[in-house]
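The primary structure of each chain is shown beneath.
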Amino acid sequence: MKKASLFLLIILIGCDREEAIRIEGETMATTYHITYFHDRDFKKDIDSLFVLVNKSINTYDSTSQISVFNKSKTGTRFNFFPPLMKAKEVYDASGGTFDPTVMPLVNAWDFGPLKGDLPDSAKIDSLLSFVGFDKVRFNNDSVWKTDPRVQLDFGGIGQGYGADVIANFLASKGVENMFVELGGEGLALGHNLETGKAWRIAVLDPQNTDQFKAYVSLSDRAFTTSGNYYNYREVKGKRFGHTIDPKTGYPAQTSILSVTVFAKDCTTADAWDTALMAMGHEKAIEVLKGHPELEAFIVYLKSDGSATYATPGIAAQIEMNP
């Protein structure tokens, strides 16, 4: 739904310890890879859960709950309460920089299921008049809108939510050591029992996606990355990334090339990487100082080249690639 895989799980096979179960497949317009330690294969259950997640929040499915809401004039009963709650939380905490009501703008800029000519300033101003999470109301089983034109897009949070659903399911089955990766979003819980160490991920170099920028050792952390180097449009020689600034209505023009966020759960990390990406590195760093529950690794542009920033809580776990 959002982006291609940005991480590669580095699995180091060495000694004969408890064997891992590895499953993979396709869902949400991307791929998933899961490694966990248990005596049962849960692939059928996992694929069934992904079907339910898609039927809930996939805007490319015209029959999904979120698509029904977007086409309705008032609202609907729904089964996407968890991501909606998280979206509201991050919307408030980010000062509106993360806003799932950007769907009309996503479509206008040709990044959604509806295609068309790119918008002019008059069109953007018109769309902005019904963008804003303050135009959405909800309770435990229903969501409604104060303007019939309001539409929701969970592209900036959906894959993280999907990864959380799978991790929570595996945890309910007694799995303690697992690595769940869905289109670059995921969770590294417990340890890799084959190596006896923390899980290890590799972060792509946003200026050369054939290489890795850094490696990160993780245990009991979720991870997500946002970057505009895969999903973008070029118009008259100018590149527009897929991260829409809900305040201006235009694709965010930012110094950040990629931002990787680490949090307790993947839905939180996913929402925040979208918000931080739109802010630019200076504001993002200041915001992160006020959110000790988040860690981040940012690659950004300076006048003399690229630079990186890591929050203190994750810096020691990052190994830069020479």
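Residues numbered from 1 in each chain as written. Predicted model: local features only at pLDDT ≥ 70, side-chain atom pairs only at ≥ 80, totals over all residues. Heavy atoms only, no water.

Side note on the pairing of strand β9 (residues 199-205)
Each regular strand displays side chains that alternate between the two surfaces of the sheet.
No. 1: Extensive coverage of β9 is indicated by the burial of 6 of its 7 residues.
No. 2: Sheet analysis places β9 next to strand β10 (residues 208-218), joined by 7 bridges and oriented antiparallel. Across the sheet, the residue bridging to Arg200 is Ser217, located in β10. (Buried < 20%, exposed > 50% of the residue type's maximum accessible area, 1.4 Å probe, protein only. Helix = DSSP H or I, 4+ residues; strand = E, 2+ residues; numbered from the N terminus. Pairing = 2+ DSSP bridges.)

So, the packing of aromatic side chains
No. 1: Scanning the entire structure with this criterion turns up 13 aromatic pairs.
No. 2: Consider the rings of Tyr32 and Phe50, whose centres lie 4.9 Å apart with planes at 40°: the pair is tilted. Here the residue Tyr32 occupies a position in strand β3 (residues 30-36), and Phe50 occupies one in helix α1 (residues 43-57), the gap between them amounting to 18 residues.
No. 3: Taken together, a centroid distance of 5.5 Å and an interplanar angle of 90° make the contact between Phe42 and Phe169 edge-to-face. One end of the pair, Phe42, is in the loop between β3 and α1; the other, Phe169, is in helix α6 (residues 158-172), and 127 residues separate them in sequence.
No. 4: Taken together, the ring pairs in this structure connect Phe78, Phe80, Phe81, Phe138 and Phe154 into an aromatic cluster. (Phe/Tyr/Trp six-rings, centres within 6.5 Å; stacked < 30°, edge-to-face > 60°.)

Brief notes about the packing of helix α3 (residues 81-93) against helix α7 (residues 266-279)
How two helices pack is summed up by the angle between their axes together with the distance between the axes.
No. 1: Running from amino to carboxyl end, α3 crosses α7 at an angle of 40°, the nearest separation of the two axes being 10 Å. In terms of orientation, α3 and α7 fall into the oblique class. Note on packing geometry: the crossing formed by α3 with α7 is right-handed. Between α3, through Lys86, Val90 and Ala93, and α7, the contact on the second element is made entirely by Thr267, Thr268, Ala271 and Trp272. (Axes fitted to C-alpha atoms, helices over the stretch in contact; angles between N-to-C directions. Parallel < 35°, antiparallel > 145°, perpendicular 65-115°, else oblique. Left-handed = near helix turned anticlockwise from the far one by under 90°. Contact = heavy atoms within 4.5 Å.)

Digging into the nonpolar core
No. 1: Among the nonpolar cores identified, the biggest contains 75 residues, and Ile46, Phe80 and Leu170 are the most heavily contacted of them.
No. 2: When residues in this core are grouped by element, the largest group, 8 residues, is from α7.
No. 3: In contact with Leu170, not counting residues within four places along its chain, are Ile34, Tyr36, Phe42, Ile46, Val175, Met178 and Val180.
No. 4: The next biggest cluster of nonpolar side chains, apart from the first, holds 17 residues, and it includes Phe37, Phe223, Phe262 and Val299. (Core = buried A, V, L, I, M, F, W, Y, C linked by side-chain atoms within 4.5 Å.)

Focus: the side chain of Thr97
No. 1: Within the fold, Thr97 resides in the loop between α3 and α4 (103-108).
No. 2: Among the polar contacts listed, one links the side chain of Thr97 to the backbone oxygen of Ser94, at a separation of 3.0 Å.
No. 3: In this structure Thr97 touches Pro246, Lys247, Ala275, Ala278, Met279 and Lys283, once residues within four positions along its chain are discounted. (Polar contact = N/O pair within 3.5 Å; in protein donor to acceptor, adjacent residues only side chain to side chain.)

Quick look at unusual backbone geometry
No. 1: Its identity as a non-glycine residue notwithstanding, Met28 has a phi of 50°, on the positive side.
No. 2: Relative to the assigned elements, Met28 resides in the loop between β2 (21-27) and β3.
No. 3: On the basis of relative accessible area, Met28 is assigned to the buried category, the value being 3%.
No. 4: Of note, Asp220 is a non-glycine position whose phi angle comes to about 60°, a positive value.

Observations concerning the environment of Lys145
No. 1: If you trace the backbone, Lys145 turns up in strand β6 (residues 142-145).
No. 2: Assessed through its relative accessible area of 7%, Lys145 is described here as buried.
No. 3: Taking the C-alpha atoms as reference points, Lys145 and Phe69, 76 residues apart in sequence, are found 9.2 Å from one another.
No. 4: The contacts of Lys145, once residues within four sequence positions are left out, are Phe69, Asn70, Ser72, Lys73, Thr74, Lys135 and Val150.

A look at the pattern of salt bridges
No. 1: Enumeration according to the criterion identifies 10 salt bridges in this entry.
No. 2: Taking the shortest distance from any N to any O, the salt bridge between Lys55 and Asp61 comes out at 3.0 Å. (Salt bridge = Lys/Arg side-chain N within 4 Å of Asp/Glu carboxyl O.)

Digging into the sheet that holds strand β4 (residues 75-77)
No. 1: Ordered in space as β4-β6-β5, the 3 strands form an open sheet in which the pairing is antiparallel. If you trace the sheet from one side to the other, it starts and ends with β4 and β5 (136-138), each paired once. Strand-to-strand, the axes of this sheet are offset by a mean angle of 15°, without reference to chain direction.
No. 2: Two strands pair when backbone bridges link them, and β5 and β6 are joined in this way by 3 bridges, in the antiparallel orientation.

Remarks on the confidence of the model for the protein
No. 1: Residues with a pLDDT of 70 or more make up 88% of the protein, whose mean pLDDT is 89.
No. 2: Highest mean pLDDT in the protein belongs to strand β7 (residues 178-182) (98); lowest belongs to strand β1 (residues 7-9) (47). (pLDDT = per-residue confidence, 0-100.)

Section: the pairing of strand β15 (residues 295-302)
No. 1: The element β15 is largely enclosed, with a buried count of 6 among its 8 residues.
No. 2: Examined bridge by bridge, strand β14 (residues 256-263) and β15 share 6 bridges and lie antiparallel to one another. Bridge pairing in β15 links Phe262 to Glu295.
No. 3: The loop that links β15 with its antiparallel partner strand β16 (residues 305-310) comprises 2 residues.

Remarks on the environment of Trp109
No. 1: Here Trp109 shows up in the loop between α4 and α5 (121-128).
No. 2: Its relative accessible area of 5% is what places Trp109 among the buried residues.
No. 3: With 15 residues separating them in the primary sequence, Trp109 and Ile124 have C-alpha atoms 9.7 Å apart.

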